[in-house]
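Coordinate analysis (summary)
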Amino acid sequence: MKKIMRKRVLVPILAVTFLVIGSSFKSDFFEIAKQIEIFTTLFKELNMNYVDETNPAELMDTAIKNMLEELDPYTKFLNEQDVESYRINNAGEYSGIGALVRTYKDRLLIIEPHQGYPADKAGLKAGDQIIQIGDVKVADFKDNASELLKGANGSEISIIYKRQGKISSTTITREGIEVDAVPFYEMVDDKTGYIVLSKFNAKASSQTKDALLDLKGKGAERIILDLRDNPGGLLSEAINVTNLFVPKGELIVTTKSKVKKFNKEYRTTKNAVDAEIPLVVLVNGSSASASEIVSGSLQDLDRAVIMGARSFGKGLVQRPLKLTYGTQLKVTISRYYTSSGRCIQALDYWNRDEKGNATRHTEFNDFTTRNGRKVQDGGGVLPDIEVATVKTNDLTMALLQNNVIFDYATNYYFNHNIENVDNFKFTNSDFNEFKAFVRQSNFSFETKAEKAIKTALSGEENDFLGQEVKDSYKTLLANIQKGKISALDKYQNEIQKNLEDEIVKRYFYRNGLYQYYLNNDDAILAATELLGNNNKYKSILQ
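Here goes a summary of the coordinates provided. Keep in mind it's a predicted model, so treat the numbers as computed, not measured.

Calculation rules
- Within every chain, residues take consecutive numbers counted from 1 along the sequence as written.
- In keeping with the model being predicted, local features are shown solely for residues with a pLDDT of at least 70 and side-chain atom pairs are shown and tallied solely at 80 or more, while totals for entire chains, interfaces and linings include all residues.
- Hydrogens and water are ignored here; the side-chain numbers use all heavy atoms of the structure.
- Runs of H or I in DSSP of at least four residues are treated as helices and runs of E of at least two as strands, each being numbered from the N terminus.
- Classification of ring pairs rests on two measures: the distance between centres of Phe, Tyr or Trp rings, Trp counted by its six-membered ring, which must be within 6.5 Å, and the angle between planes, read as stacked under 30 degrees, edge-to-face over 60 and tilted in between.
- Using a 1.4 Å probe on the protein chains alone, a residue whose accessible area is under 20% of its type maximum counts as buried, one over 50% counts as exposed, and one in between counts as partly exposed.
- Note on pairing: DSSP must find at least two bridges between two strands before they are called paired.
- The path from the first strand over the helix to the second decides the hand: if it runs clockwise while the strands point away from the viewer, the crossover is right-handed.
- Helix axes use the C-alpha atoms of the stretch in contact, all axes being lines fitted to C-alpha atoms, and the angles between their N-to-C directions lie in the range 0 to 180 degrees.
- Each angle gets one of four labels, with under 35 degrees taken as roughly parallel, over 145 as roughly antiparallel, 65 to 115 as roughly perpendicular, and the rest as oblique.
- Each crossing is labelled by how the near helix is turned from the far one, with a counterclockwise turn of less than a right angle marking it left-handed and a clockwise turn marking it right-handed.
- Residues are treated as being in contact if the distance between any of their heavy atoms lies within 4.5 Å.
- Charged residues are taken to be Asp, Glu, Lys and Arg, nonpolar residues to be Ala, Val, Leu, Ile, Met, Phe, Trp, Tyr, Cys and Pro, and polar residues to be all remaining types, Gly included.

**Structural notes on unusual backbone geometry**
- Unusually for a residue other than glycine, Tyr-325 sits at a positive phi of about 55°.
- Relative to the helices and strands, Tyr-325 is located in the loop between β17 (316–322) and β18 (328–338).
- With a phi close to 60°, Tyr-509 is a non-glycine residue in the positive phi region.
- For Tyr-509, the location among the structural elements is in helix α14 (residues 492–520).

**What about the packing of aromatic side chains?**
- Following the criterion strictly, the structure yields 17 aromatic pairs and no others.
- Here Tyr-413 and Phe-414 contribute two aromatic rings whose centre-to-centre distance is 5.1 Å and whose plane-to-plane angle is 80°, an arrangement assigned as edge-to-face.
- Since its relative accessible area comes to 31%, Phe-414 is described here as partly exposed.
- A centroid spacing of 6.0 Å and a plane angle of 35° characterise the contact between Tyr-507 and Phe-508, whose relative ring orientation is tilted.
- Judged by its relative accessible area of 18%, Phe-508 is buried.

**Section: the pairing of strand β11 (residues 192–196)**
- Counting buried positions along β11 yields five of five residues, so the element is predominantly enclosed.
- The alternating pattern of β11 places Thr-192, Tyr-194 and Val-196 on one face and Gly-193 and Ile-195 on the opposite face, and all of these are buried.
- Both strand β10 (residues 184–187) and β11 contribute to a ladder of four bridges, which runs antiparallel. Bridge pairing in β11 links Glu-186 to Tyr-194.
- In textbook terms, the turn of a hairpin is the stretch between consecutive antiparallel strands, and for β10 and β11 this stretch comprises four residues.
- Pairing analysis gives five bridges linking β11 to strand β12 (residues 222–226), with the strands arranged parallel. Along β12, the bridge assignment pairs Ile-195 with Leu-225.
- Handedness of the crossover is the feature at issue here: the chain leaves β11, passes through helix α6 (residues 204–217), returns alongside β12, and the resulting connection is right-handed.

**Here's the deal with the environment of Val-259**
- Mapped onto the elements, Val-259 comes out in the loop between β13 (251–256) and β14 (264–267).
- Spatially, the C-alpha atom of Val-259 lies 7.9 Å from that of Ile-333, the residues being 74 residues apart in sequence.

**Quick word on the packing of helix α7 (residues 235–243) against helix α8 (residues 290–300)**
- Remark: α7 packs on α8, axes separated minimally by 9 Å, with the N-to-C direction vectors making an angle of 30°. Accordingly, the angle class assigned to the pair α7 and α8 is roughly parallel. Like other packed secondary-structure pairs, α7 and α8 cross with a definite hand, here right-handed. Across from Leu-235, Ala-238, Val-241 and Thr-242 in α7, the residues of α8 making contact are Ala-290, Ile-293, Val-294 and Leu-298.
- For the contact of α7 with α8, the class distribution of residues is seven nonpolar, one polar and no charged.

**Some details on the sheet that holds β12**
- An order of β10-β11-β12-β15-β16-β23 is seen for the six strands of this open sheet, with the pairing classed as mixed. In this open sheet, the two strands that pair with only one neighbour each are β10 and β23 (385–386).
- This element, α6, spans β10, β11 and β12 of the sheet and lies at about 165° to β11.
- Relative to strand β16 (residues 305–308), helix α16 (residues 534–541) is tilted by about 100°, and along the sheet it contacts β15 (279–283), β16 and β23.

Rendered as structure tokens:
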């Protein structure tokens, strides 16, 4: 009787509370409670009554992931393994084989073995396909098989892999792996220092500071900070890296959310290492999130000249929220705004097109930097100076995403001998070989024009098209297909840049690639030239 009375008393108390908070919250609360009750009832009945045995864990995992897919790609459910991977990624340390690996349904592909680490010592090369780990065949493993490569420091693991059609095996002894945020820094000339910042893990600001101080000690009077292909990471480290170059107390970024406690202003808290040294920041289409906070705010404060290509455009902030049984929800909690007040988020996940794809912002708002220069929101950070070879295009992206450039570099490595990175030169003859390789591959690339024509031929509009018009469309499609090989010549500079990067890594690892950049990378050469002309550098910022 006491329990019944408690329930009856609780209802009016809750009702009063909801009235005070507001009707919108009240309706949301009851809708949430209603849907949870429906789901739990459904889940129970399904598992009890379905004709075959069910796997409740798999069903729930699928349900959660499908639910989150309706939001944005950064809001994710993290199981226990995912939580550990997330922690490792931010900490920059783990125990494993020391290689960048890409997961496919039936194999793992070695993308890049890190120099001096276990995979490299065991002789694994980029392009090797791991088909078995210990007693587990990758094709039969339902979860992410790359997790099998991690393990206790000093433990051994046997690998069966395929290289150039031949099956081989090796044994790898796992080691502690340190993931540097700054994998390379060096003097470009006697007055210009170059720093590569590849990720914003917990080591980012301390390693960037060490590199900056070391370069200044070697005579650097100007700095190039390379954030190309940096996918981001910790917001706090983005603030700290920016703080190396701007004084204490500067507003760097603001986060805005529907939850008040997530509305914050982030300012620099320390004295700068050097608030005056001329600075160029390099970005490209793969520079995202924390990279855009650093580059965007340095641009807004007129503290650096930004060079390269428009950045990715991720203006959303995530935070891991603890759930039960060691799981977490990595959820988008806010948008961030650089010091000028702009949000550089490029994709709108909340207003999708008829196919369910996020739409891209096409209308931009103008903002001004501290010195009154115009900058815009809604589409990444647009560089002050664009560099043609750093730009991307649909064809080059398709070649990269379909592993065509990667596969060509694999074949190139096993058919050419290069002993010194300074002697490497990718010739027009090599590019013609690449074009032949593309023709012989299964590479398929559909242009926007092709998509529009195929839609017209397959949709309701097709009923209103005469046969002559249909034949014209088909002829046009055939001509577009023939023109794709010609497009390789049109974008040769951009494609060749990616080919050179991939090939150099095969012979001389990541460190050798950065060494190669010092004398051959268009963006670094252009940045060095700009920094050598102080009047031009200052005129851009004013």
